[in-house]
Amino acid sequence: MAVMQTKGEKAFSVFNYIFLGGFALLCLFPFLHVIAQSLSSQRAIVSGEVIFLPIETTFLAYKEVLMDQHFLRAFGVSVARTVVGTFINVFLTCLMAYPLSKTYIKGRGIILFMVVFTMLFSGGMIPTYLVVRETGLLNTFWAYIIPTAISAFNLIIVKNFFQSVPAELEESAKMDGASNIGILFKIVIPLSMPVIATIGLFHAVFHWNSFFDAVLYVNDRSLYPLQVYLRELIQFDQSEINLRDNFEQQLLANESLKAAALISSTLPILIVYPFLQKYFVKGVMLGSVKG
């Protein structure tokens, strides 16, 4: 049965919708401006006519960016890092969170204290660099993966969610002869897909957007991720970017190339997000409240 709203409640609802809608548009406008620049001609961009809609629409900027070998190589590195890194992050987090969710395990409190301690105090940039160097990870792909293999924050979220799984299910599985690993992968993880999807999204966005670790640990340009490519593209002049040399490219505005590269690098993670959005709020709330 629908509940009747008072005039004050209706007025507040209208104001709330207008305010939140306006705020959403403010967040969307910069993105629309970049899209418009990426699709506009050099003359329209230089003359300042481009705001939210493309002027003299052209796809030349996307053609040039997508045919640039540096962009394609950096894109491949970012995709590989996101896929491999997210899988390792989620896999190791589940392996560590499951035993920590069991109150009867000895030493659990000490390990949890050490995990929480790392959230408050870190070794710092220089000690971390020294550890990466001494373990032979400099100028390797694994410098992106191993130093951030487990996040303390995500570990605690998953641990709390695992504690909400009914113990009776695990006891029944043990009576049927299932091992702890079997229980984890056949019962606990399938029931915990909301939190798995949530931390998977956290880690995927982190890996896709990261560039500082590449600047610190990697000198080999063939291992640079997409974000470092974009950083160089924004900082350097168009003449320093290795794109095809033809007459049309010379007429291309540098801002259009930058905008096309930014949109091309943003779309993959935007495409993935809607598929995981339904798990997002549920996973965070249950993982942070229960337990």
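Every value quoted in this text rests on a predicted model; they were computed, and no experiment measured them.

A. Inspection of the overall build of the protein chain at higher detail. In terms of regular secondary structure, the protein chain is built from 14 helices and zero strands. Ordered by position in the sequence, the α and β elements of the protein chain form the string α-α-α-α-α-α-α-α-α-α-α-α-α-α. The 291 residues of the protein chain split such that 36% are buried. If you take every contact in the protein chain between residues at least 6 apart in sequence, the share linking residues at least 24 apart comes to 72%. Summed over all atoms, the accessible surface of the protein chain reaches about 17200 Å², with 69% contributed by carbon and sulfur.

B. Seen up close, helix α7 (residues 152–163). The end-to-end C-alpha distance of α7 is 17 Å, a good match for the 16 Å that twelve residues give at a rise of 1.5 Å each. Within α7, nine of the twelve residues are buried, leaving the element largely enclosed by the surrounding structure.

C. Here's a closer look at the pattern of salt bridges. For the structure shown, the criterion picks out three salt bridges. Two residues, Arg 81 and Asp 213, come together in a salt bridge whose shortest N-O distance is 2.5 Å. Placement of the pair is Arg 81 in helix α4 (residues 69–100) and Asp 213 in helix α11 (residues 212–217), with a sequence separation of 132 residues.

D. Representation of the confidence of the model for the protein chain. Here the protein chain shows a mean pLDDT of 81. Residues at 70 or above account for 87%. The element-level mean pLDDT for the protein chain is lowest in helix α13 (residues 247–250), coming to 45, with α4 highest at 92. Per-residue pLDDT stays below 50 along residues 237–251; that stretch engages in 25 contacts with residues further than four places along the chain or on separate chains. For the stretch residues 287–291, pLDDT sits under 50, and the model shows eight contacts to residues farther than four places along the chain or on other chains.

E. Focus on the UniProt feature "transmembrane region" (unreviewed entry) in the protein chain. Feature annotation in UniProt places "transmembrane region" (unreviewed entry) on residues 12–32, 74–98, 110–129, 141–162, 183–206 and 257–276, given in this structure's numbering. Taken end to end, residues 12–32 is 100% helix and 0% strand, and its two terminal C-alpha atoms sit 29 Å from one another. Taken end to end, residues 141–162 is 50% helix and 0% strand, and its two terminal C-alpha atoms sit 32 Å from one another.

F. Molecular detail of the nonpolar core. Ranked by internal contacts, the top residues of the largest apolar core, which has 22 residues, are Cys 94, Tyr 98, Val 158, Phe 162, Leu 184, Val 188 and Val 195. Here the element with the most residues in this core is α7; it accounts for six residues. Judged by nonpolar contacts, the second largest core, of 17 residues, contains Trp 208, Tyr 229, Ala 260 and Ala 261.

G. Up close: unusual backbone geometry. With a phi angle near 60°, Asn 139 is a residue other than glycine that sits in the positive phi range. For Asn 139, the location among the structural elements is in the loop between α6 (125–134) and α7. The partly exposed category is assigned to Asn 139, whose relative accessible area is 35%.

H. Summary view of the environment of Ile 196. With respect to the element layout, Ile 196 can be found in helix α10 (residues 193–209). Between the C-alpha atom of Ile 196 and that of Val 158, which follows or precedes it by 38 residues, the distance is 7.6 Å. Ignoring sequence-local partners within four residues, the contact set of Ile 196 consists of Val 90, Cys 94 and Ile 189.

I. Molecular detail of the packing of aromatic side chains. In the structure shown here, the tally under the stated rule is twelve aromatic pairs. Seen in terms of ring centroids, Phe 113 and Phe 117 are 6.0 Å apart; in terms of plane orientation they differ by 40°. Their pairing is tilted. Taken together, the positions of Phe 113 and Phe 117, both in helix α5 (residues 108–120) and four residues apart, correspond to about one turn of that helix. An aromatic cluster is defined as three or more aromatic residues linked by ring pairs; in this entry it consists of Phe 71, Phe 75, Trp 208 and Tyr 229.

J. Quick peek at the packing of α4 against α10. Packing of α4 against α10 leaves a shortest axis separation of 8 Å and a crossing angle of 145°. Relative to α10, the crossing made by α4 is right-handed. Between α4 and α10, the residues in contact are Phe 75, Ser 78, Val 79, Arg 81, Thr 82, Gly 85, Thr 86, Asn 89, Val 90, Thr 93 and Cys 94 and Ile 196, Ile 199, Gly 200, His 203, Ala 204, Phe 206, His 207 and Trp 208, respectively. The residue makeup of the contact of α4 with α10, split by class, is nine nonpolar, nine polar and one charged.

K. How the structure looks around the side chain of Thr 93. As for its placement among the helices and strands, Thr 93 is situated in helix α4. Residue Thr 93 is classed as buried on the basis of its relative accessible area of 0%. With residues up to four places along the chain from it excluded, the contact list for Thr 93 reads Ile 150, Asn 154, Leu 155, Val 158, Ile 199 and His 203.

What counts as what
Residues numbered from 1 in each chain as written. Predicted model: local features only at pLDDT ≥ 70, side-chain atom pairs only at ≥ 80, totals over all residues. Heavy atoms only, no water. Helix = DSSP H or I, 4+ residues; strand = E, 2+ residues; numbered from the N terminus. Buried < 20%, exposed > 50% of the residue type's maximum accessible area, 1.4 Å probe, protein only. Contact = heavy atoms within 4.5 Å. Areas by Shrake-Rupley, 256 points an atom, 1.4 Å probe, with all protein chains shown as cover. Expected span 1.5 Å × (residues − 1). Salt bridge = Lys/Arg side-chain N within 4 Å of Asp/Glu carboxyl O. pLDDT = per-residue confidence, 0-100. UniProt positions renumbered as here; feature names shortened; annotations may be inferred. Core = buried A, V, L, I, M, F, W, Y, C linked by side-chain atoms within 4.5 Å. Phe/Tyr/Trp six-rings, centres within 6.5 Å; stacked < 30°, edge-to-face > 60°. Axes fitted to C-alpha atoms, helices over the stretch in contact; angles between N-to-C directions. Left-handed = near helix turned anticlockwise from the far one by under 90°. Nonpolar A, V, L, I, M, F, W, Y, C, P; charged D, E, K, R; others polar.

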